[in-house]
Amino acid sequence: MFDVNEIRKDFPMIQNRPDLIYFDNGATTYKPQPVIDAVLGFYNGYTSNVERGDYETAVKADKAYADTRKIIARFINCDPKEVVFTANITASLNQIAWGLGRSFLHEGDIVLTTEAEHASNLLPWFRLEKDLGIKIEYIPVDHQGVCHIEDVRKALNEKVKVVAMAHVTNVLGSVQPIREIAEAAHEYGAYVVMDGAQSVPHRRTDVRELGVDFMGFSSHKMCGPDGVGVLYGRYELLQKMEPVFLGGGMNARFSSDFNIILKDAPEKFEAGTPNIEGVIGLGAAAEYLMSLGMDNIQQYEKELRAYFAAKISQLDNIEFYNPDNLSGPITFNGKGVFAQDAAGYLGSKNICVRSGNHCAKILHEVIGTDQTIRASLYFYNTKEEVDRFIEAAAQISLENAVSIFF
Amino acid sequence: MSQTSSLLNDPMILRELIMDHYQYPHNHKLVEDERYRSVHMASDSCIDDITVQSRISGGMIEDVRFDGVACTISTASTSMMTDLLKGRSTDEAKMIIGQYFNMIENKEYDPDVLEEAVAFQNVYKQANRIKCATIGWKAMQQMIDESEASE
């Protein structure tokens, strides 16, 4: 059964810093011992480069690297050769957007997205707008940032070639109906690109069932090491797509007259020595999450968020922006207190949250402010932590926020 | 010790000063006037987005103003800067800015020349807020440098 107190013992950060309440999981997550062991195991036991090693430790590193592709394939239900390792989801989305622009899109083609996207899922498309004359159009979202299928249908037409959207948005935690959107988009022959950064760590993700053509997510937001991301793509599309980076490990052969024969996907997207220890750690992280059960994680977080939402709604000094969303961060402000000042006050009480201008126009239009504070949970957080947070949040005021400097 | 500087040793007073300058910032309106230089400070931080303007003529800072969206520390420190540097020669201003940066970096400084701005004497203890406390001051420094380069 899902026992949070047992789970917490797996996390050295929780054991070493019991004074901290870590509610910044949307930014990055703590690492459990099995992930740390996997990374150290590579460093301490079989450090070697991957590919074509003719000695024991290199063969072992090769196998561990290749095994992670299988683990991730199981984790998101795809074929291992559809799993590309990147530096992070930003790299994944840049490869997807650039690769589509290079070989699939033409001037005047439309990319549909929403105003609730993270910069990583907007700026790479903006560049195509500038470089190739691709048009970017926004599907409207409601007051909680949710995009409705009727509005997607209205926005779709034969010029739409890409629909790019987060499954769960990073600011408000709105869950988008990706499966229905993908179905509708495919009727027009458009490719569907899903930003999985805030969803893959928190819920079971089945790319076949969702029907998306491309997806990205980051290792460090799901208990894995930094510096590793995944790019999922339908194999025939990956085969047609050109890699951003050229170099070692991704070419089959080349000659002095500039002919390059690339390897097949996924290797052709992995030029240079990859983050081997990071990939191995990501494999351990995915195994760890699957052993807890993604459905259990989602259910636990849903209950915890509901508890949090009910409590924070009662604070008169707090403006709470996304009470209707069932997952994702608790997004709020202290009334009359600038987001960073309030986050600094909470920080002085050892509560880790993130304040920011989340670069999403929707925030301004939907909730009337540019700056908010995000308290984002993970499965190792507890109701006791929420209680301690609420006690501190009740004290957020301009006076207290300034007092931390004296 | 003068009466002013003893008041400026009282943390309660300093806190009130910061709050007051945040809620009612001084010189908080930009003008459309080509005699003014202008610096937009937004690239250093994902949150603060302020513009500082100044009219510098013959080595004198005749006016300083600012506007924008920023946290308490950025707003109040910039507001105090405008009060402190308006009407000064650029040489005096450079000296005051230098003293302020010394304070922010926890080096020796002369509290008397900083007046109310000593309210930020503890910011060095919170490294993540140093950018906030210096954003407007850096903008002013840049405009003084530009004015001297163009003379």
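Since this is a predicted model, take the numbers as computed values, not measurements.

Each value, and the rule that gives it
- Residues numbered from 1 in each chain as written.
- Chains lettered and ligands numbered in written order.
- Predicted model: local features only at pLDDT ≥ 70, side-chain atom pairs only at ≥ 80, totals over all residues.
- Heavy atoms only, no water.
- Helix = DSSP H or I, 4+ residues; strand = E, 2+ residues; numbered from the N terminus.
- Buried < 20%, exposed > 50% of the residue type's maximum accessible area, 1.4 Å probe, protein only.
- Contact = heavy atoms within 4.5 Å.
- Pairing = 2+ DSSP bridges.
- Buried area = accessible area lost by both parts, 1.4 Å probe.
- Salt bridge = Lys/Arg side-chain N within 4 Å of Asp/Glu carboxyl O.
- Polar contact = N/O pair within 3.5 Å; in protein donor to acceptor, adjacent residues only side chain to side chain.
- Axes fitted to C-alpha atoms, helices over the stretch in contact; angles between N-to-C directions.
- Domains from an automatic or database assignment.

Peer 1: Explain the environment of cysteine 71 of chain B here, please?
Peer 2: Tracing the backbone shows cysteine 71 of chain B in the loop between β3 (60-69) and α3 (72-85). With a relative accessible area of 0%, cysteine 71 of chain B lands in the buried category. Considering only alpha carbons, one finds cysteine 71 of chain B and alanine 133 of chain B, 62 residues apart in sequence, at a separation of 9.6 Å. Not counting the four nearest positions on each side in its chain, cysteine 71 of chain B is found in contact with Phe338, Gln340 and Asp341 of chain A together with Tyr22, Asp48, Arg129 and Cys132 of chain B.

Peer 1: Even after reading the chapter, I still don't get the pairing of strand β7 (residues 214-218) of chain A, so can you show me in this structure?
Peer 2: Residues and elements named next belong to chain A. The element β7 is largely enclosed, with a buried count of 5 among its 5 residues. A two-sided burial pattern is seen for β7, the buried positions comprising Phe214, Gly216 and Ser218 on one face and Met215 and Phe217 on the other. Bridge analysis of strand β6 (residues 191-195) against β7 gives 3 bridges, and the strand direction is parallel. Its bridge partner lying in β7, aspartate 195 is registered against glycine 216. Both β7 and strand β8 (residues 229-233) contribute to a ladder of 5 bridges, which runs antiparallel. In the sheet register, methionine 215 faces β8, and the bridge partner there is tyrosine 232.

Peer 1: Teacher, can you tell me more about unusual backbone geometry here?
Peer 2: Across residues other than glycine, the phi torsion is negative in most instances, and most of the peptide bonds are trans. Cis peptide bonds are those with omega within 30 degrees of zero, and the linkage from alanine 265 of chain A to proline 266 of chain A qualifies with 5°. Checked against the element boundaries, proline 266 of chain A lands in the loop between β10 (260-262) and α11 (276-292). Here asparagine 77 of chain A, not a glycine, exhibits a phi torsion of approximately 60°, which is positive. Looking at the secondary structure, you find asparagine 77 of chain A in the loop between α4 (56-76) and β2 (83-86). A positive phi angle, near 50°, is found at glutamate 115 of chain B, a position not held by glycine. Its place among the elements puts glutamate 115 of chain B in the loop between α5 (111-114) and α6 (130-149).

Peer 1: Got a minute to help me understand the interface of chain A and chain B in this structure?
Peer 2: Counting residues at the interface gives 16 residues for chain A and 23 residues for chain B. Both sides together, the interface formed by chain A and chain B hides about 1,800 Å², and carbon and sulfur atoms give 63% of it. For the pair chain A and chain B, the number of links is 2 salt bridges. Notably, a salt bridge pairs arginine 129 of chain B with aspartate 341 of chain A, separated by 2.7 Å at the nearest N-O pair. Taken together, the connections running from chain A to chain B amount to 6 residue pairs in polar contact (both at pLDDT 80 or more). Only α13 (339-348), β14 (354-357) and α16 (398-403) of chain A provide two or more residues apiece to the side of chain A that touches chain B. It is α16 of chain A that provides the largest number of residues to the side of chain A that touches chain B, a total of 4 residues.

Peer 1: Looking at this structure, I do not really get the sheet that holds β6 of chain A. What am I missing?
Peer 2: Hydrogen bonds along the backbone pair up the strands of a sheet, which may run parallel or antiparallel. Residues and elements named next belong to chain A. Ordered in space as β2-β8-β7-β6-β5-β3-β4, the 7 strands form an open sheet in which the pairing is mixed. Bordering the open sheet on either side are β2 and β4 (135-138), each of which pairs with just one other strand. Strand-to-strand, the axes of this sheet are offset by a mean angle of 20°, without reference to chain direction. Pairing between strand β3 (residues 110-113) and strand β5 (residues 160-166): 3 bridges, direction parallel. Residue pairing in the sheet places isoleucine 110 in a bridge with valine 160 of β5.

Peer 1: Would you take a moment to explain the pattern of salt bridges for this structure?
Peer 2: Where charged atoms from two side chains of opposite charge come close, those side chains can pair. For the structure on display, the rule yields 30 salt bridges over all chains. Among the ionic pairs, arginine 208 of chain A bridges to glutamate 82 of chain A, the shortest N-O distance being 2.9 Å. Taken together, the residues span a long stretch of sequence, with arginine 208 of chain A in helix α9 (residues 207-210) and glutamate 82 of chain A in the loop between α4 and β2 at a distance of 126 residues. Given the relative accessible area of 5%, glutamate 82 of chain A is considered buried. Aspartate 33 of chain B is the salt-bridge partner of arginine 35 of chain B, the closest N and O atoms lying 2.7 Å from each other. Aspartate 33 of chain B sits in the partly exposed class, given a relative accessible area of 23%. Salt bridges linked by common partners bring Lys63, Asp67 and Lys70 of chain A together as one network.

Peer 1: Would you mind showing me how to read the domain arrangement of chain A here?
Peer 2: Accessible area lost when the parts come together is the quantity often used to give the size of an interface. All names here are of chain A. Each assigned domain of chain A is listed here: domain 1 (4-30 + 293-403) and domain 2 (35-291). Look at where the C-alpha atoms of domain 1 and domain 2 centre, and you get two points 28 Å apart. A buried area of about 2,700 Å², summed over both sides, lies between domain 1 and domain 2, and 50% of it is on carbon and sulfur atoms. For the interface between domain 1 and domain 2, the tally reads 1 salt bridge.

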